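Summary of the model geometry
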Amino acid sequence: MTDTPGTTAGRRRHRVREEALADAMRIARRLLVEEGPEAVTVRAVAREMGLTAPGLYRYYAGHRELVQALVSHLYDELAATLAAARERRPADEPGQRLREVCRELRRWALAHPREFALLFAKPVADADTAPGSAAHDPGWRFGGVVLGLMVELWRRGAVRTPAALDPVWAAQLEEVREHLAGEPVPLEVIYVFVACWARLYGAVAVEVFGHLDFALTDPEPLFERTVGEILTVLGDPYA
């Protein structure tokens, strides 16, 4: 009997593979949290799974593929978390939906600092999300939650744009526009989106990495003010 996906043996093989992949991600994440990104290696994950390193190569071709799988898994988790936060506010209030998403991003980052650092600080080269990498699309699924709400605000016509955009920005911003599913968003507006994301990321990262400890015991009011200023730039009437 042929061992195809539709057979009992094929289904069993698929189930065993899925369980092994889930186990590998659980172990890889624990190693990341407990020991840091350098601890996430094929050998270490295989050892905890009761396999030899060559045994784990049946599932991951090497270190890069393992790290890319972990990064993809974390981006998918973060995207789902932010999407759930978005749904806590009415669909006709994109600015307030974005506020909830920003708050949830901060909460997730503070609760998972090692995971946040792997995704956004790129402490190991294999954690990249460059075009062609396995983590590229999952990274954009996360980004799409934030970007989609910014586009909804743009549709309302109140985004504050620069009077002119330096031509050097054009080619760099085109990739962002490619991910907007045909939305005719001007590059000047995309520049504003990127600038707003930089402010949001900076406000989260500076707290997660402890760089406000010298001045603030509670950075939350500063974060809320930053989000309010971002929403003002994006034209949210409630900002």
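Residues numbered from 1 in each chain as written. Predicted model: local features only at pLDDT ≥ 70, side-chain atom pairs only at ≥ 80, totals over all residues. Heavy atoms only, no water.

Attention now goes to the environment of Glu87. Summarising the element assignment, Glu87 is placed in the loop between α4 (63-86) and α5 (94-111). Separated by 112 residues in sequence, Glu87 and Arg199 place their C-alpha atoms 23 Å apart. (Helix = DSSP H or I, 4+ residues; strand = E, 2+ residues; numbered from the N terminus.)

To continue, consider empty space enclosed by the protein. Enumeration according to the criterion identifies 1 cavity of 30 Å³ or more in this entry. By volume, the largest cavity is sized at about 30 Å³. Taken together, Asp92, Glu93, Pro94, Gly95, Leu153, Arg156, Asp236, Pro237 and Tyr238 form the lining of the largest cavity. Tallied by class, residues from the lining of the largest cavity come to 4 nonpolar, 1 polar and 4 charged. (1 Å grid on protein atoms, 1.4 Å probe; cavity = no way out; pocket = protein on both sides within 12 Å on 5 of 7 lines; lining within 4 Å. Points joined across faces, edges and corners; volume = space filled by probe spheres on them. Nonpolar A, V, L, I, M, F, W, Y, C, P; charged D, E, K, R; others polar.)

Taken as a whole, this structure holds 20 salt bridges when the rule is applied. When the shortest N-O distance is used, the salt bridge between Glu100 and Arg88 registers 3.7 Å. Of this pair, Glu100 sits in helix α5 while Arg88 sits in the loop between α4 and α5, and the two are 12 residues apart along the sequence. Of the charged contacts, one joins Arg107 and Glu104 as a salt bridge, the two residues approaching to 2.9 Å between their closest N and O atoms. With Arg107 and Glu104 both in helix α5, this residue pair falls 3 residues apart, about one helical turn. Glu104 sits in the buried class, given a relative accessible area of 13%. Counted as one network, the salt bridges with shared partners bring together Arg88, Glu100, Arg103, Glu104, Arg107 and Glu224. (Salt bridge = Lys/Arg side-chain N within 4 Å of Asp/Glu carboxyl O. Buried < 20%, exposed > 50% of the residue type's maximum accessible area, 1.4 Å probe, protein only.)

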